[in-house]
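Read off the chains here:
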Amino acid sequence: MFRGRSRHTLDSKGRLAVPARFKEVLAQKADDRLVVTNHDACLWAFARDDWSAIEKKAASLPQFNEAAQAYLRYFISGAVECPIKQGRITIPPDLRERGALQKDVVLVGELKRFEIWDRERWEEEFERARSSFPEVSRALSELGI
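Structure report, in brief. (Residues numbered from 1 in each chain as written. Predicted model: local features only at pLDDT ≥ 70, side-chain atom pairs only at ≥ 80, totals over all residues. Heavy atoms only, no water.)

## Things to note about helix H1 (residues 20-28)
The set of residues buried in H1 consists of Phe 22, Val 25 and Leu 26. Down the axis of H1, the smallest arc covering the buried residues is 95 degrees, so these residues share one side. For H1, the exposed residues lying more than 90 degrees away from the buried face are Ala 20, Glu 24, Ala 27 and Gln 28. Ala 30 lies just past H1 and shows a positive phi near 55 degrees. (Buried < 20%, exposed > 50% of the residue type's maximum accessible area, 1.4 Å probe, protein only. Helix = DSSP H or I, 4+ residues; strand = E, 2+ residues; numbered from the N terminus. Arc of directions from axis to C-beta.)

Now the structure itself:
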């Protein structure tokens, strides 16, 4: 599982170092690639087997459902397999643009995936999450979490 937050630097070619603890997760899965796609204000990165489960579900969506079409067009079509070379992945220019990634980024572990945020955007999002946490915690406790 991907856990923790860490700050990193994206170089001019879009190369990003994958934290050692994330590489350990991938090594346990015998995987040397990540699938990266766009999501809201950041990018999401998945191990290939977790991404395959998402694709399998997406393939069974009704073809003429508008919500399904929007999901496929935005989320699924944005996916790119990024091989890990020398401990880094290269994020393609269109995904860097979609995530508004500049030089300073934050990687945020979220169990089956991790997010890649522009640092300034992350700080704003983290503040929103922090301020809503007491209310969210109560709602989640009602669900048994």
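Structure's up, so let's keep going.
## Brief notes about the packing of aromatic side chains
For any pair of aromatic rings, the description consists of the separation of the ring centres together with the inter-plane angle of the planes. All told, the structure shown has 11 aromatic pairs when counted by the stated rule. Relative to Phe 75, the ring of Trp 44 has its centre 5.6 Å away and its plane inclined at 85 degrees; by these criteria the two rings are edge-to-face. You can see Trp 44 sitting in strand E4 (residues 42-47) and its partner Phe 75 sitting in helix H3 (residues 66-76), a full 31 residues away along the chain. As far as burial versus exposure is concerned, Trp 44 and Phe 75 are alike and both buried. (Phe/Tyr/Trp six-rings, centres within 6.5 Å; stacked < 30°, edge-to-face > 60°.)

## Brief notes about the sheet that holds strand E1 (residues 5-9)
Overall, antiparallel pairing links the 6 strands, which are arranged E1-E7-E8-E4-E3-E5 in an open sheet. The two strands at the open ends of the sheet, each matched to only one other strand, are E1 and strand E5 (80-83). Recorded for the sheet is a direction-independent mean angle of 30 degrees between the axes of neighbouring strands. Taken together, the 4 bridges between strand E3 (residues 33-39) and E5 define a ladder with antiparallel strand orientation. By the bridge assignment, Leu 34 is partnered in E5 with Cys 82. Packing of helix H2 (residues 48-59) onto the sheet brings it into contact with E3, E4 and E5, and relative to E4 it is tilted by some 105 degrees. (Pairing = 2+ DSSP bridges. Axes fitted to C-alpha atoms, helices over the stretch in contact; angles between N-to-C directions. Contact = heavy atoms within 4.5 Å.)

## Examining unusual backbone geometry
Negative phi characterises most residues that are not glycine, and trans characterises most peptide bonds. The phi torsion at Gln 86 lies on the positive side, around 50 degrees, for a residue other than glycine. For Gln 86, a relative accessible area of 74% translates into the label exposed. Although it is not a glycine, Leu 111 adopts a positive phi angle of roughly 70 degrees. By the secondary structure assignment, Leu 111 is in the loop between strand E7 (104-109) and strand E8 (113-118).

## Looking at the environment of Ala 41
Along the chain, Ala 41 falls in the loop between E3 and E4. Given the relative accessible area of 25%, Ala 41 is considered partly exposed. Taking the C-alpha atoms as reference points, Ala 41 and Arg 121, separated by 80 residues in sequence, lie 7.6 Å from one another. If we ignore the near neighbours within four places in the chain, the residues touching Ala 41 are Gly 99, Trp 117 and Arg 121.

Take it as geometry only, folks, not as evidence of what the structure does.
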